[in-house]
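Spelled out from the first residue to the last, the chains are:
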Amino acid sequence: MKIGYPCLNSGLGCTPNRTFRLSSYSIERVKETVQQNLDCLQKTLDFNLKNGLLFFRIGSGLVPFASHPVFKFDWQNYFKKQFQDIGEYIKKNNFRISMHPDQFVVINALDKDIVKRSIKEIDYHCQVLDLMGLCQTAKVQIHIGGVYGNKPESIKRFIQNYKKLSKRIKKRLVIENDHLKYSLRDCLRIHQQAKIPIVFDVFHHYCLNNGESIKRALLFTSKTWTKKDGLLMVDYSSQKKDALKGSHAESIDMKDFKNFISKSKGINFDIMLEIKDKEKSALKAKKCIF
DNA sequence: AGTTGTCAAGCTAGT
DNA sequence: ACTAGCTTGACAACT
(Lines give C-alpha, C1' and ligand atoms only; values in the text may rest on other atoms or scores of the structure.)
Protein backbone atom coordinates (compact mmCIF):
# COMPACT_ATOMS: atom_id res chain seq x y z
CA MET A 1 0.00 0.00 0.00
CA LYS A 2 1.24 3.46 -0.94
CA ILE A 3 -0.03 6.63 0.70
CA GLY A 4 -0.27 10.05 -0.86
CA TYR A 5 -1.91 13.45 -1.10
CA PRO A 6 -3.02 15.51 -4.09
CA CYS A 7 -1.39 18.21 -6.14
CA LEU A 8 0.38 20.39 -3.61
CA ASN A 9 2.70 20.27 -0.62
CA SER A 10 1.78 23.04 1.78
CA GLY A 11 5.16 23.39 3.43
CA LEU A 12 7.64 23.76 0.58
CA GLY A 13 7.05 27.38 -0.32
CA CYS A 14 6.46 26.54 -3.97
CA THR A 15 3.56 25.23 -6.03
CA PRO A 16 3.60 22.96 -9.08
CA ASN A 17 0.37 24.65 -10.18
CA ARG A 18 1.47 28.17 -10.92
CA THR A 19 -0.62 29.82 -13.57
CA PHE A 20 -1.44 33.21 -15.06
CA ARG A 21 -4.45 34.99 -16.41
CA LEU A 22 -5.46 34.02 -19.90
CA SER A 23 -5.17 37.71 -20.78
CA SER A 24 -1.45 37.61 -19.97
CA TYR A 25 -0.78 34.51 -22.05
CA SER A 26 2.48 34.52 -23.98
CA ILE A 27 4.95 31.86 -24.99
CA GLU A 28 7.53 33.40 -22.68
CA ARG A 29 5.07 33.24 -19.83
CA VAL A 30 4.34 29.59 -20.57
CA LYS A 31 8.04 28.69 -20.66
CA GLU A 32 8.69 30.45 -17.38
CA THR A 33 5.65 29.09 -15.54
CA VAL A 34 5.93 25.48 -16.67
CA GLN A 35 9.63 25.40 -15.77
CA GLN A 36 8.82 26.66 -12.28
CA ASN A 37 6.05 24.09 -11.97
CA LEU A 38 8.34 21.26 -13.03
CA ASP A 39 11.03 22.39 -10.59
CA CYS A 40 8.50 22.45 -7.78
CA LEU A 41 7.11 19.06 -8.78
CA GLN A 42 10.61 17.63 -8.50
CA LYS A 43 11.02 19.25 -5.10
CA THR A 44 7.68 17.84 -4.01
CA LEU A 45 8.62 14.34 -5.13
CA ASP A 46 11.91 14.66 -3.22
CA PHE A 47 9.98 15.49 -0.08
CA ASN A 48 7.60 12.61 -0.68
CA LEU A 49 10.40 10.12 -1.22
CA LYS A 50 12.17 11.20 1.96
CA ASN A 51 8.92 10.84 3.88
CA GLY A 52 7.76 7.59 2.37
CA LEU A 53 4.74 9.04 0.59
CA LEU A 54 4.88 7.17 -2.68
CA PHE A 55 1.47 7.96 -4.15
CA PHE A 56 1.07 11.40 -5.70
CA ARG A 57 -1.51 13.20 -7.78
CA ILE A 58 0.01 15.62 -10.27
CA GLY A 59 -2.16 18.72 -10.55
CA SER A 60 -3.92 19.64 -13.76
CA GLY A 61 -2.31 23.06 -13.78
CA LEU A 62 1.20 21.78 -14.52
CA VAL A 63 0.94 23.23 -18.04
CA PRO A 64 -1.61 26.06 -17.76
CA PHE A 65 -4.14 26.32 -20.58
CA ALA A 66 -2.58 23.34 -22.35
CA SER A 67 -5.87 22.36 -23.99
CA HIS A 68 -7.11 25.89 -24.65
CA PRO A 69 -7.37 27.15 -28.27
CA VAL A 70 -4.97 30.04 -27.55
CA PHE A 71 -2.27 27.56 -26.69
CA LYS A 72 -0.04 27.38 -29.74
CA PHE A 73 3.22 26.27 -28.25
CA ASP A 74 4.93 22.92 -28.62
CA TRP A 75 5.44 22.37 -24.91
CA GLN A 76 5.86 18.63 -25.42
CA ASN A 77 9.06 19.16 -27.38
CA TYR A 78 10.33 22.16 -25.49
CA PHE A 79 10.10 20.41 -22.11
CA LYS A 80 10.79 16.88 -23.35
CA LYS A 81 13.95 16.43 -21.33
CA GLN A 82 12.46 17.77 -18.10
CA PHE A 83 9.45 15.48 -18.37
CA GLN A 84 11.69 12.50 -19.12
CA ASP A 85 13.87 13.25 -16.11
CA ILE A 86 10.93 13.47 -13.74
CA GLY A 87 9.54 10.29 -15.26
CA GLU A 88 12.83 8.49 -14.67
CA TYR A 89 12.82 9.65 -11.06
CA ILE A 90 9.25 8.42 -10.61
CA LYS A 91 10.05 5.02 -12.09
CA LYS A 92 13.34 4.61 -10.26
CA ASN A 93 11.69 5.26 -6.92
CA ASN A 94 8.56 3.33 -7.70
CA PHE A 95 6.03 6.14 -7.22
CA ARG A 96 2.36 5.62 -8.09
CA ILE A 97 0.93 8.57 -10.02
CA SER A 98 -2.57 9.80 -10.74
CA MET A 99 -4.09 12.91 -12.28
CA HIS A 100 -7.62 14.27 -11.89
CA PRO A 101 -9.03 16.63 -14.54
CA ASP A 102 -11.39 19.14 -12.99
CA GLN A 103 -15.15 19.38 -12.96
CA PHE A 104 -15.38 20.92 -16.41
CA VAL A 105 -14.51 17.61 -18.00
CA VAL A 106 -17.83 15.96 -18.85
CA ILE A 107 -17.65 13.05 -21.25
CA ASN A 108 -21.42 12.53 -21.33
CA ALA A 109 -22.46 16.16 -21.86
CA LEU A 110 -25.41 16.89 -24.14
CA ASP A 111 -23.46 19.69 -25.79
CA LYS A 112 -21.01 18.20 -28.28
CA ASP A 113 -18.56 21.07 -27.84
CA ILE A 114 -18.30 20.32 -24.13
CA VAL A 115 -17.50 16.69 -24.97
CA LYS A 116 -14.89 17.81 -27.48
CA ARG A 117 -13.20 20.16 -25.03
CA SER A 118 -13.35 17.49 -22.35
CA ILE A 119 -11.58 14.96 -24.54
CA LYS A 120 -8.92 17.51 -25.41
CA GLU A 121 -8.35 18.18 -21.72
CA ILE A 122 -8.12 14.47 -20.88
CA ASP A 123 -5.71 14.03 -23.75
CA TYR A 124 -3.47 16.72 -22.27
CA HIS A 125 -3.38 14.81 -18.97
CA CYS A 126 -2.43 11.62 -20.81
CA GLN A 127 0.29 13.45 -22.72
CA VAL A 128 1.91 14.52 -19.45
CA LEU A 129 2.08 10.92 -18.25
CA ASP A 130 3.17 9.66 -21.67
CA LEU A 131 5.98 12.22 -21.86
CA MET A 132 7.19 11.01 -18.48
CA GLY A 133 7.27 7.53 -19.95
CA LEU A 134 5.03 6.11 -17.24
CA CYS A 135 3.34 2.76 -17.68
CA GLN A 136 -0.37 2.05 -17.66
CA THR A 137 -0.59 2.06 -13.87
CA ALA A 138 -0.43 5.89 -13.93
CA LYS A 139 -4.07 6.92 -14.21
CA VAL A 140 -6.31 9.84 -15.11
CA GLN A 141 -9.49 9.77 -13.05
CA ILE A 142 -12.79 11.45 -13.89
CA HIS A 143 -16.39 11.37 -12.72
CA ILE A 144 -19.16 10.09 -14.95
CA GLY A 145 -20.56 13.57 -15.54
CA GLY A 146 -24.05 15.02 -15.61
CA VAL A 147 -27.42 13.32 -15.15
CA TYR A 148 -29.54 15.76 -17.19
CA GLY A 149 -32.72 14.39 -15.68
CA ASN A 150 -32.24 10.93 -17.21
CA LYS A 151 -29.61 8.74 -15.66
CA PRO A 152 -29.96 5.62 -17.86
CA GLU A 153 -29.61 7.73 -21.00
CA SER A 154 -26.70 9.66 -19.53
CA ILE A 155 -24.89 6.44 -18.61
CA LYS A 156 -25.51 5.12 -22.10
CA ARG A 157 -24.06 8.29 -23.58
CA PHE A 158 -21.02 8.00 -21.31
CA ILE A 159 -20.33 4.48 -22.55
CA GLN A 160 -20.88 5.40 -26.20
CA ASN A 161 -18.50 8.34 -25.94
CA TYR A 162 -16.00 6.31 -23.95
CA LYS A 163 -15.85 3.68 -26.66
CA LYS A 164 -14.90 6.31 -29.23
CA LEU A 165 -11.87 7.53 -27.27
CA SER A 166 -8.32 6.99 -28.48
CA LYS A 167 -6.19 4.11 -27.23
CA ARG A 168 -3.85 6.52 -25.50
CA ILE A 169 -6.72 7.80 -23.37
CA LYS A 170 -8.40 4.44 -22.80
CA LYS A 171 -5.33 2.90 -21.28
CA ARG A 172 -5.21 5.60 -18.60
CA LEU A 173 -8.77 6.71 -17.99
CA VAL A 174 -10.52 5.45 -14.87
CA ILE A 175 -13.84 6.46 -13.27
CA GLU A 176 -14.68 7.43 -9.73
CA ASN A 177 -17.93 7.36 -7.75
CA ASP A 178 -19.15 10.85 -6.83
CA HIS A 179 -21.08 12.15 -3.83
CA LEU A 180 -24.39 13.10 -5.35
CA LYS A 181 -24.96 11.69 -8.82
CA TYR A 182 -23.21 8.48 -9.77
CA SER A 183 -22.78 5.95 -6.98
CA LEU A 184 -20.53 2.94 -6.78
CA ARG A 185 -23.37 0.83 -8.18
CA ASP A 186 -23.63 3.11 -11.22
CA CYS A 187 -19.88 2.88 -11.76
CA LEU A 188 -19.99 -0.92 -11.50
CA ARG A 189 -22.72 -1.03 -14.15
CA ILE A 190 -20.58 1.06 -16.44
CA HIS A 191 -17.62 -1.17 -15.72
CA GLN A 192 -19.60 -4.23 -16.78
CA GLN A 193 -20.05 -2.76 -20.23
CA ALA A 194 -16.91 -0.70 -20.75
CA LYS A 195 -14.36 -2.48 -18.52
CA ILE A 196 -13.08 0.79 -17.04
CA PRO A 197 -11.32 0.43 -13.67
CA ILE A 198 -13.02 2.19 -10.76
CA VAL A 199 -11.30 4.46 -8.25
CA PHE A 200 -13.14 3.99 -4.97
CA ASP A 201 -13.83 7.24 -3.15
CA VAL A 202 -14.60 6.36 0.46
CA PHE A 203 -16.03 9.74 1.40
CA HIS A 204 -18.26 9.97 -1.66
CA HIS A 205 -19.47 6.47 -0.92
CA TYR A 206 -20.39 7.59 2.57
CA CYS A 207 -22.42 10.46 1.05
CA LEU A 208 -24.08 8.32 -1.65
CA ASN A 209 -24.39 4.54 -1.62
CA ASN A 210 -26.72 1.60 -1.98
CA GLY A 211 -25.87 -0.05 1.28
CA GLU A 212 -22.60 -1.72 0.24
CA SER A 213 -20.20 -2.10 3.16
CA ILE A 214 -16.69 -0.67 2.86
CA LYS A 215 -15.30 -4.18 2.64
CA ARG A 216 -17.61 -5.19 -0.20
CA ALA A 217 -17.06 -1.90 -2.00
CA LEU A 218 -13.30 -2.42 -1.86
CA LEU A 219 -13.67 -6.01 -3.05
CA PHE A 220 -15.89 -5.02 -5.98
CA THR A 221 -13.72 -2.14 -7.11
CA SER A 222 -10.41 -3.95 -6.67
CA LYS A 223 -11.64 -6.54 -9.17
CA THR A 224 -12.08 -3.84 -11.81
CA TRP A 225 -8.28 -3.31 -11.95
CA THR A 226 -6.27 -5.66 -14.15
CA LYS A 227 -2.62 -6.45 -13.58
CA LYS A 228 -1.69 -3.86 -16.22
CA ASP A 229 -3.72 -1.18 -14.44
CA GLY A 230 -1.99 -1.83 -11.13
CA LEU A 231 -3.42 -1.77 -7.63
CA LEU A 232 -6.82 -0.32 -6.85
CA MET A 233 -6.68 3.41 -6.15
CA VAL A 234 -8.69 4.72 -3.20
CA ASP A 235 -9.50 8.35 -2.41
CA TYR A 236 -10.12 9.08 1.22
CA SER A 237 -11.46 12.11 3.05
CA SER A 238 -13.89 12.86 5.83
CA GLN A 239 -16.69 15.34 6.33
CA LYS A 240 -15.79 18.85 7.44
CA LYS A 241 -17.69 19.52 10.66
CA ASP A 242 -20.59 21.98 10.45
CA ALA A 243 -20.13 22.44 6.72
CA LEU A 244 -22.28 21.41 3.76
CA LYS A 245 -22.38 17.71 3.05
CA GLY A 246 -19.56 16.85 0.71
CA SER A 247 -17.01 19.40 1.87
CA HIS A 248 -13.63 18.00 2.82
CA ALA A 249 -12.18 18.07 6.33
CA GLU A 250 -9.34 20.43 7.25
CA SER A 251 -7.36 17.69 8.95
CA ILE A 252 -7.58 13.93 9.11
CA ASP A 253 -9.94 12.39 11.65
CA MET A 254 -7.76 9.58 12.97
CA LYS A 255 -10.61 7.73 14.61
CA ASP A 256 -12.50 7.60 11.33
CA PHE A 257 -9.37 6.64 9.43
CA LYS A 258 -8.45 3.80 11.79
CA ASN A 259 -11.98 2.56 11.50
CA PHE A 260 -11.69 2.53 7.71
CA ILE A 261 -8.34 0.76 7.79
CA SER A 262 -9.65 -1.95 10.08
CA LYS A 263 -12.58 -2.54 7.73
CA SER A 264 -10.25 -2.80 4.73
CA LYS A 265 -8.09 -5.61 6.13
CA GLY A 266 -7.13 -8.19 3.56
CA ILE A 267 -7.41 -5.89 0.53
CA ASN A 268 -4.44 -4.15 -0.99
CA PHE A 269 -4.69 -0.69 -2.54
CA ASP A 270 -2.99 2.72 -2.85
CA ILE A 271 -4.64 5.50 -0.89
CA MET A 272 -4.90 9.23 -1.62
CA LEU A 273 -5.78 11.51 1.29
CA GLU A 274 -7.87 14.35 -0.05
CA ILE A 275 -7.60 16.53 3.01
CA LYS A 276 -6.97 20.24 3.12
CA ASP A 277 -3.76 20.15 5.11
CA LYS A 278 -2.26 17.82 2.49
CA GLU A 279 1.02 16.16 3.44
CA LYS A 280 0.42 16.69 7.15
CA SER A 281 -2.55 14.34 7.20
CA ALA A 282 -0.82 11.93 4.82
CA LEU A 283 2.07 11.66 7.27
CA LYS A 284 -0.30 11.05 10.17
CA ALA A 285 -2.04 8.33 8.20
CA LYS A 286 1.27 6.73 7.31
CA LYS A 287 2.29 6.66 10.96
CA CYS A 288 -0.97 4.98 11.83
CA ILE A 289 -0.62 2.24 9.22
CA PHE A 290 3.08 1.36 9.34
C1' DA B 1 3.37 43.73 2.43
C1' DG B 2 -1.06 42.58 2.83
C1' DT B 3 -5.89 42.42 1.13
C1' DT B 4 -9.48 41.39 -2.06
C1' DG B 5 -11.92 40.46 -6.28
C1' DT B 6 -11.55 37.46 -9.95
C1' DC B 7 -10.25 33.65 -12.86
C1' DA B 8 -11.59 29.08 -19.43
C1' DA B 9 -14.39 25.56 -18.70
C1' DG B 10 -20.04 22.25 -15.75
C1' DC B 11 -23.32 20.29 -12.83
C1' DT B 12 -26.22 19.77 -8.76
C1' DA B 13 -28.53 20.75 -4.49
C1' DG B 14 -29.46 23.97 -1.08
C1' DT B 15 -30.85 28.68 0.10
C1' DA C 1 -32.03 33.67 -8.91
C1' DC C 2 -27.94 32.78 -6.79
C1' DT C 3 -24.18 30.37 -4.55
C1' DA C 4 -21.28 26.59 -2.42
C1' DG C 5 -18.92 22.79 -3.44
C1' DC C 6 -16.10 20.07 -6.19
C1' DT C 7 -8.79 18.74 -6.07
C1' DT C 8 -9.90 24.85 -4.93
C1' DG C 9 -5.76 27.59 -5.44
C1' DA C 10 -3.38 31.43 -7.27
C1' DC C 11 -3.10 35.82 -10.00
C1' DA C 12 -3.32 40.71 -10.34
C1' DA C 13 -4.81 44.97 -9.07
C1' DC C 14 -5.58 47.37 -5.37
C1' DT C 15 -4.59 49.46 -0.47
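Our structure is the block above this text.
All values derive from a computational prediction rather than experimental measurement. (Residues numbered from 1 in each chain as written. Chains lettered and ligands numbered in written order. Predicted model: local features only at pLDDT ≥ 70, side-chain atom pairs only at ≥ 80, totals over all residues. Heavy atoms only, no water.)

**A look at the pattern of salt bridges**
Following the criterion strictly, the structure yields 13 salt bridges and no others. The partner of D270 in a salt bridge is R96, and the shortest N-O contact between them spans 2.7 Å. Separated by 174 residues along the polypeptide, D270 in strand 8 (residues 269-273) and R96 in strand 3 (residues 96-99) bring together distant segments of the chain. Assigned by exposure class, D270 and R96 land together as buried. Close ionic contact of R168 with D130 constitutes a salt bridge, the shortest N to O distance being 3.5 Å. In this pair, R168 is assigned in helix 6 (residues 167-170) and D130 in helix 4 (residues 112-131), connecting sequence segments 38 residues apart. When its relative accessible area of 34% is taken as the criterion, R168 is described as partly exposed. For D130, a relative accessible area of 24% puts it in the partly exposed group. (Salt bridge = Lys/Arg side-chain N within 4 Å of Asp/Glu carboxyl O. Helix = DSSP H or I, 4+ residues; strand = E, 2+ residues; numbered from the N terminus. Buried < 20%, exposed > 50% of the residue type's maximum accessible area, 1.4 Å probe, protein only.)

**A word on the pairing of strand 3**
Neither face of strand 3 is exposed, since R96 and S98 on one face and I97 and M99 on the opposite face are all buried. Where strand 2 (residues 55-58) meets strand 3, four bridges bridge the pair, whose relative direction is parallel. By the bridge assignment for strand 3, F56 is matched with I97. Summarising the sheet, strand 3 and strand 4 (residues 139-142) pair through two bridges and their orientation is parallel. Bridge assignment links M99 to a residue of strand 4, and that residue is V140. (Pairing = 2+ DSSP bridges.)

**Side note on the side chain of Q141**
Here Q141 is to be found in strand 4. With a relative accessible area of 1%, Q141 lands in the buried category. In this structure the side chain of Q141 is engaged in a polar contact, spanning 2.8 Å, whose partner is the side chain of E176. Leaving out residues up to four positions away in the same chain, Q141 has contacts with R57, S98, M99, H100, P101, V174, E176, V199 and D235. (Polar contact = N/O pair within 3.5 Å; in protein donor to acceptor, adjacent residues only side chain to side chain. Contact = heavy atoms within 4.5 Å.)

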